[in-house]
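Residues per chain are reported as follows:
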Amino acid sequence: MNSELIKLNVARQKWLLKRPADLETLWTEMDELDQDERIPYWVEVWPASKLLGEWLIKNKQNIRGKLCLDLGCGLGLTSLIASKLQAKVIALDYAWQALYFGRQNSLLNDVCSPLWVQMDWRTPGFKEKSFDYILGSDVFYERRFFEPISTLFDRFLAPGGKIWLGDPERTVSKDVWTRLKSLGWQVRRVASKKVELENQKAMVNLWEVCRQTQ
């Protein structure tokens, strides 16, 4: 598979990411299949992942040695950042191609490789209450994902654990935070920033979600 190299700067740290070279053809082929699970969102590096990466670097002492799950890891930017910060990372994506490039990117950046796992977040197969941190970048891009993702949070976040989510100000996800609060989660916005990345520009919020304290 032909690839291209993109260069990113996250909190003054340089990252190189490989991805397919012919993005236009890839998108066209997937659109023609009319199968939403195969739309290649993973080929893009989303602004939310950059803000989440900055937050991880800022909180490196908290995640060191902790077990982290990166939902919809894509090309692996946040997974690699967390791994470089000495977290124990499981990088999950539905698309095997994303994991292929994620593995290549760990080698390219000389980072201890996360455990790359092909899995559907609607039917996860992990040990319950096992993750100290759950990470996600722009994961609520369709309303139908709220139920499976919120269920995943409840089943797999360890006691005392935290969820960190980078999310652009999309109409589709604007009520997610109220809905999580209604399920008993404590939700707070910990950062907000306009992020420019490649040809994208978006206002991104960083949300911290954890269980209500008794």
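Going by the structure above, here's the rest.
*Asks:* Even after reading the chapter, I still don't get the environment of K88, so can you show me in this structure?
*Replies:* Relative to the helices and strands, K88 resides in strand β4 (residues 88-93). Classification of K88 as exposed rests on a relative accessible area of 52%. What K88 contacts, discounting residues up to four positions off in sequence, is G65, K66, L67 and C68.

*Asks:* Help me understand the packing of helix α2 (residues 47-58) against helix α4 (residues 77-84) in this model?
*Replies:* Two quantities define a packed helix pair, namely the angle between the helix axes and the distance between the axes. Look at α2 against α4: their axes get within 9 Å of each other, and the N-to-C directions meet at 10 degrees. If you check the angle between α2 and α4, you find them roughly parallel. Here S49, K50, L52, G53, L56 and I57 of α2 lie close against α4, whose contacting residues are L77, T78, I81 and A82. Tallied by class, residues from the contact of α2 with α4 come to 6 nonpolar, 3 polar and 1 charged.

*Asks:* What is the right way to read the side chain of E208 from this model?
*Replies:* Residue position: E208 is located in strand β9 (residues 200-211). Among the polar contacts listed, one links the side chain of E208 to the side chain of W164, at a separation of 3.0 Å. The contact partners of E208, leaving out residues within four places of it in the chain, are K162, I163, W164, Q186, V187, R188 and V190.

*Asks:* Help me out: how do you make sense of the sheet that holds strand β5 (residues 115-118) in this one?
*Replies:* Picture the strands of a sheet paired through backbone hydrogen bonds; they go either parallel or antiparallel. Strand order in the open sheet formed by 7 strands is β5-β4-β3-β6-β7-β9-β8, with mixed pairing between adjacent strands. Pairing within the sheet leaves two strands with one partner each, and these edge strands are β5 and β8 (185-197). The average angle at which neighbouring strand axes cross in this sheet is 20 degrees, direction not considered. Inspection of the sheet shows β8 paired to β9 by 12 bridges, in the antiparallel sense. Directly across from Q186, in β9, lies its bridge partner C210.

Each value, and the rule that gives it
- Residues numbered from 1 in each chain as written.
- Predicted model: local features only at pLDDT ≥ 70, side-chain atom pairs only at ≥ 80, totals over all residues.
- Heavy atoms only, no water.
- Helix = DSSP H or I, 4+ residues; strand = E, 2+ residues; numbered from the N terminus.
- Buried < 20%, exposed > 50% of the residue type's maximum accessible area, 1.4 Å probe, protein only.
- Contact = heavy atoms within 4.5 Å.
- Axes fitted to C-alpha atoms, helices over the stretch in contact; angles between N-to-C directions.
- Parallel < 35°, antiparallel > 145°, perpendicular 65-115°, else oblique.
- Nonpolar A, V, L, I, M, F, W, Y, C, P; charged D, E, K, R; others polar.
- Polar contact = N/O pair within 3.5 Å; in protein donor to acceptor, adjacent residues only side chain to side chain.
- Pairing = 2+ DSSP bridges.

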